[in-house]
Amino acid sequence: MADEATRKAVSEIPLLKTNSGPRDKELWVQRLREEYLSLIKYVENNKAADNDWFRLESNKEGTRWFGKCWYIHELLKYEFDMEFDIPVTYPATAPEVAIPELDGKTAKMYRGGKICLTDHFKPLWARNVPKFGLAHLMALGLGPWLAVEIPDLIAKGIIQHKEQQNS
């Protein structure tokens, strides 16, 4: 179960209404508009709560997304590139977020650096189609994954802060 802070953050993310994916050109534009509005609201809320942790942008069609995510651990910022494609069957199928530089460094990851969201996030997504969108993917998928995996990878010495790597 999500903690109270996560529940509050997610409850403030606008739900989406348009049940459309990239194959449906006209309705996809409407869905994409809803996605952007939801993401903007989530980022604004995060900044207001001093919890800013990702940047995201897309190609013109809104089918390929990329950006940066970061995790603060013991006052050190660990930053990673992230990317994902919108599945053809979206929103019925959730996107698979990849953090390529962590590929092969944790068991909770698939080939190509795709983070494992199968057990916890995907059933939640399936119950909330088409209301959940990319902001929910960040809040309930990538965010909790980073919170669990990054401290573990640091503790095991698998990843190091960039300043420590250079010394």
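Just so it is clear, the model here is predicted, and its values are computed rather than measured.

The subject of this paragraph is the overall build of the chain. If you tally the helices and strands in the chain, you get five helices and five strands. Mapped from its N terminus to its C terminus, the chain presents α and β elements in the order α-α-β-β-β-β-β-α-α-α. Relative to a compact globule of 167 residues, whose C-alpha radius of gyration would be 15 Å, the chain shows 16 Å and is just as compact. Along the first, second and third principal axes, the C-alpha atoms of the chain reach 55 × 35 × 30 Å. Residue burial in the chain is summarised as follows: out of 167 residues, 43% are buried.

What follows concerns the environment of L142. With respect to the helices and strands, the residue L142 is situated in helix α4 (residues 134-155). Classification of L142 by relative accessible area gives buried; the value is 0%. With 60 residues separating them along the chain, L142 and M82 place their C-alpha atoms 9.9 Å apart. Residues within four places of L142 in sequence aside, it is in contact with W53, C69, M82, V97, I99, I115 and L137.

In the numbering used here, UniProt assigns the "active site" (unreviewed entry) feature to C116. In this fold, C116 is placed in the loop between β5 (114-115) and α3 (121-127).

Counting through the fold element by element, G133 comes out in the loop between α3 and α4. Overall, the relative accessible area of 0% leaves G133 in the buried class. Excluding residues that lie within four positions of it along the chain, G133 makes contacts with L16, R31, E35, Y90 and W125.

For the rest of this paragraph, the subject is the packing of aromatic side chains. The tally for this structure, following the rule as stated, stands at eight aromatic pairs. For the ring pair W65 and F84, a centre distance of 6.2 Å and an interplane angle of 5° mean the geometry is stacked. A residue pair is termed long-range when its members are at least 10 positions apart, and W65 in strand β2 (residues 64-73) and F84 in strand β3 (residues 76-85) qualify at 19 residues. The structure contains a cluster of three or more aromatic residues connected by ring pairs, namely W28, Y90, F121, W125 and F132. One Lys or Arg, K77, reaches over the ring of W70 and ends 4.4 Å from the middle of that ring.

Now for the pairing of β2. Judged from the five bridges that link them, strand β1 (residues 54-58) and β2 form a sheet pairing that is antiparallel. For F54, the partnering residue across the bridge sits in β2 and is C69. Linking two consecutive strands that pair antiparallel, namely β1 and β2, is a turn of five residues; a positive phi of about 75° is found at G62 within it. Note that β2 and β3 share 10 bridges and pair antiparallel. Residue pairing in the sheet places K68 in a bridge with D81 of β3. Connecting the antiparallel pair β2 and β3 is a turn made up of two residues, with E74 showing a positive phi of about 50°.

Reading the values: the criteria
- Residues numbered from 1 in each chain as written.
- Predicted model: local features only at pLDDT ≥ 70, side-chain atom pairs only at ≥ 80, totals over all residues.
- Heavy atoms only, no water.
- Helix = DSSP H or I, 4+ residues; strand = E, 2+ residues; numbered from the N terminus.
- Rg over C-alpha atoms; globule rule 2.2 N^0.38 Å.
- Buried < 20%, exposed > 50% of the residue type's maximum accessible area, 1.4 Å probe, protein only.
- Contact = heavy atoms within 4.5 Å.
- UniProt positions renumbered as here; feature names shortened; annotations may be inferred.
- Phe/Tyr/Trp six-rings, centres within 6.5 Å; stacked < 30°, edge-to-face > 60°.
- Lys NZ or Arg CZ within 6 Å of the ring centre and 35° of its normal.
- Pairing = 2+ DSSP bridges.

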